[in-house]
Amino acid sequence: MRTIVEGPDRPAESSFTEKKSEFIAQACHIEGADQAAAFVEGVRLTHPKARHVCHCAVWGLPGRLNERMADDGEPSGTAGKPILEVLRRRGLTDCVVTVTRYFGGILLGSGGLIRAYSTAASQALDRAHTADLVDCRRFRIELPYADHQPFRRLLASCQGRLTDETFTDHVTLIYDLPLSNLDAFESRLSDLVQGRAAKTDMGPSSILSA
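Every value quoted in this text rests on a predicted model; they were computed, and no experiment measured them.

A. Molecular detail of the nonpolar core. The biggest cluster of nonpolar side chains holds 27 residues, and the ones touching the most others in it are Phe23, Ile83, Leu87, Val97, Val99, Tyr117 and Leu125. Breaking this core down by element, the ones donating at least two residues are strand 2 (12-18), strand 3 (21-29), strand 4 (52-59), helix 2 (80-89), strand 6 (95-102) and helix 3 (109-127). In terms of residue count, the dominant contributor to this core is helix 3 (seven residues). Ignoring anything within four residues of it in the chain, the contact list for Phe23 reads Ser14, Ser15, Phe16, Glu18, Val99, Thr100, Arg101, Leu108, Ala116, Tyr117 and Ala120. In terms of nonpolar packing, the next biggest core, distinct from the first, is built from 15 residues, Phe139, Ile141, Leu143 and Cys158 among them.

Written out as structure tokens, the structure is:
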């Protein structure tokens with residue numbers, strides 16, 4: 001699958017007008033429901049006079065895909081679902097699309113609304129940059145300080161991504177590792193830590209391809 005590269009601070013954006021209603025679409029990368037909700041709320045605050053702020057968010061991996069959408073006062077199935085269908089057709093995940101409507105006084109009907117929200121979402125996604133997602137496993141590892149920097153160099157050499165570090169009397173790291181590099185990494189890790197580490201498998205994850 002693929003995802004959007006743009007973050008919530010600089011989303012891909014487009015707008016168009018249909019029968020005096022303006023539709024403003026924004027799309028960005030997220031990593032879960034909380035980030036999606038925060039982005040939608042930010043859009044609402046930016047457009048306090050808009051009639052509707054409809055959205056769809058998708059996150060997760062194939063087989064564990066999560067979808068959330070809202071029509072925000074539009075007739076059921078005329079806003080959130082059309083946005084979702086656009087995301088599905090493009091094979092996207094870990095992203096949210098909002099479509100803000102300033103009502104122009106002319107009713108569009110169900111068919112017109114579906115076309116308008118689909119068009120708005122498609123136009124924003126046309127402007128977005130996308131990248132492939134690499135299938136990974138996420139791990140937590142506890143290391144002595146002496147192994148911290150050697151571990152980080154090993155992780156980088158295997159195209160892994162460090163997502164969190166905590167420093168106490170030891171170092172606790174959370175990292176994502178591409179499945180294709182897992183065996184080689186594990187062999188070299190064993191040589192590095194010599195039994196000095198405690199590791200936990202946290203399950204499937206993904207990272208953006210380089």
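B. Looking closely at the packing of aromatic side chains. All told, the structure shown has seven aromatic pairs when counted by the stated rule. For the ring pair Phe23 and Tyr117, a centre distance of 5.2 Å and an interplane angle of 85° mean the geometry is edge-to-face. Taken as a pair, Phe23 in strand 3 and Tyr117 in helix 3 lie far apart in primary sequence, 94 residues in all. Overall, the relative accessible area of 0% leaves Tyr117 in the buried class. Arranged with centres 5.7 Å apart and planes meeting at 50°, the rings of Tyr175 and Phe185 form a pair that is tilted. Of this pair, Tyr175 sits in strand 9 (residues 171-178) while Phe185 sits in helix 5 (residues 182-193), and the two are ten residues apart along the sequence. With respect to class, Tyr175 is no different from Phe185; both count as buried.

C. Quick peek at the pairing of strand 3. Where burial is concerned, most of strand 3 is hidden: eight out of the nine residues are buried. Direction of pairing for strand 2 relative to strand 3: antiparallel, over a ladder of seven bridges. Directly across from Glu18, in strand 3, lies its bridge partner Ser21. Counting the residues in the hairpin turn of strand 2 and strand 3 gives two residues, including Lys19, whose phi is positive at 50°. Alignment of strand 3 against strand 6, held across eight bridges, turns out to be antiparallel. Looking at strand 6, one finds that Gln26 is bridged to Thr98.

D. Structural detail: the UniProt feature "domain: Impact N-terminal" (unreviewed entry) in the protein chain. Taking the numbering used here, the UniProt-annotated feature "domain: Impact N-terminal" (unreviewed entry) corresponds to residues 19-125. Measuring from the first to the last C-alpha atom of residues 19-125 gives 22 Å, for a span that is 38% helix and 28% strand.

E. Inspection of helix 1 (residues 33-46) at higher detail. Helix length check: helix 1, at 14 residues, gives a terminal C-alpha distance of 20 Å against a target of 20 Å (1.5 Å per residue), a fit within 8%. Among the residues of helix 1, Ala33, Ala36, Phe39, Val40 and Val43 are the ones counted as buried. Angularly, the buried residues of helix 1 cover 130° about the axis, an arc narrow enough to put them on a single face. Exposed positions of helix 1 whose direction lies more than 90 degrees from the buried face are Asp34, Ala38, Leu45 and Thr46. Among the structural elements, strand 3, strand 4, strand 5 (66-70) and strand 6 are those in contact with the buried residues of helix 1.

F. Here's a closer look at the side chain of Thr3. As for its position among the elements, Thr3 is in strand 1 (residues 2-4). Take Thr3: its relative accessible area is 0%, and that puts it in the buried class. A polar side-chain atom of Thr3 sits 3.1 Å from a polar atom in the side chain of His29. A distance of 3.0 Å separates the side chain of Thr3 from the backbone oxygen of Asp94, its partner in a polar contact. Look past the residues within four positions of Thr3 in its chain and what remains in contact with it is His29, Leu92, Thr93, Asp94, Cys95, His129, Thr130, Ala131, Leu133 and Leu208.

G. How the structure looks around the packing of helix 2 against helix 3. Contact geometry for helix 2 and helix 3: axes closest at 8 Å, N-to-C directions at 40°. Considered as vectors, helix 2 and helix 3 are oriented oblique to each other. Relative to helix 3, the crossing made by helix 2 is right-handed. Between helix 2 and helix 3, the contacting residues are Pro82, Ile83, Val86 and Leu87 on the first element and Ile114, Tyr117, Ser118, Ala121, Ser122 and Leu125 on the second. Here the residues of the contact of helix 2 with helix 3 are counted per class, giving eight nonpolar, two polar and no charged.

Calculation criteria
Residues numbered from 1 in each chain as written. Predicted model: local features only at pLDDT ≥ 70, side-chain atom pairs only at ≥ 80, totals over all residues. Heavy atoms only, no water. Core = buried A, V, L, I, M, F, W, Y, C linked by side-chain atoms within 4.5 Å. Buried < 20%, exposed > 50% of the residue type's maximum accessible area, 1.4 Å probe, protein only. Helix = DSSP H or I, 4+ residues; strand = E, 2+ residues; numbered from the N terminus. Contact = heavy atoms within 4.5 Å. Phe/Tyr/Trp six-rings, centres within 6.5 Å; stacked < 30°, edge-to-face > 60°. Pairing = 2+ DSSP bridges. UniProt positions renumbered as here; feature names shortened; annotations may be inferred. Expected span 1.5 Å × (residues − 1). Arc of directions from axis to C-beta. Polar contact = N/O pair within 3.5 Å; in protein donor to acceptor, adjacent residues only side chain to side chain. Axes fitted to C-alpha atoms, helices over the stretch in contact; angles between N-to-C directions. Parallel < 35°, antiparallel > 145°, perpendicular 65-115°, else oblique. Left-handed = near helix turned anticlockwise from the far one by under 90°. Nonpolar A, V, L, I, M, F, W, Y, C, P; charged D, E, K, R; others polar.

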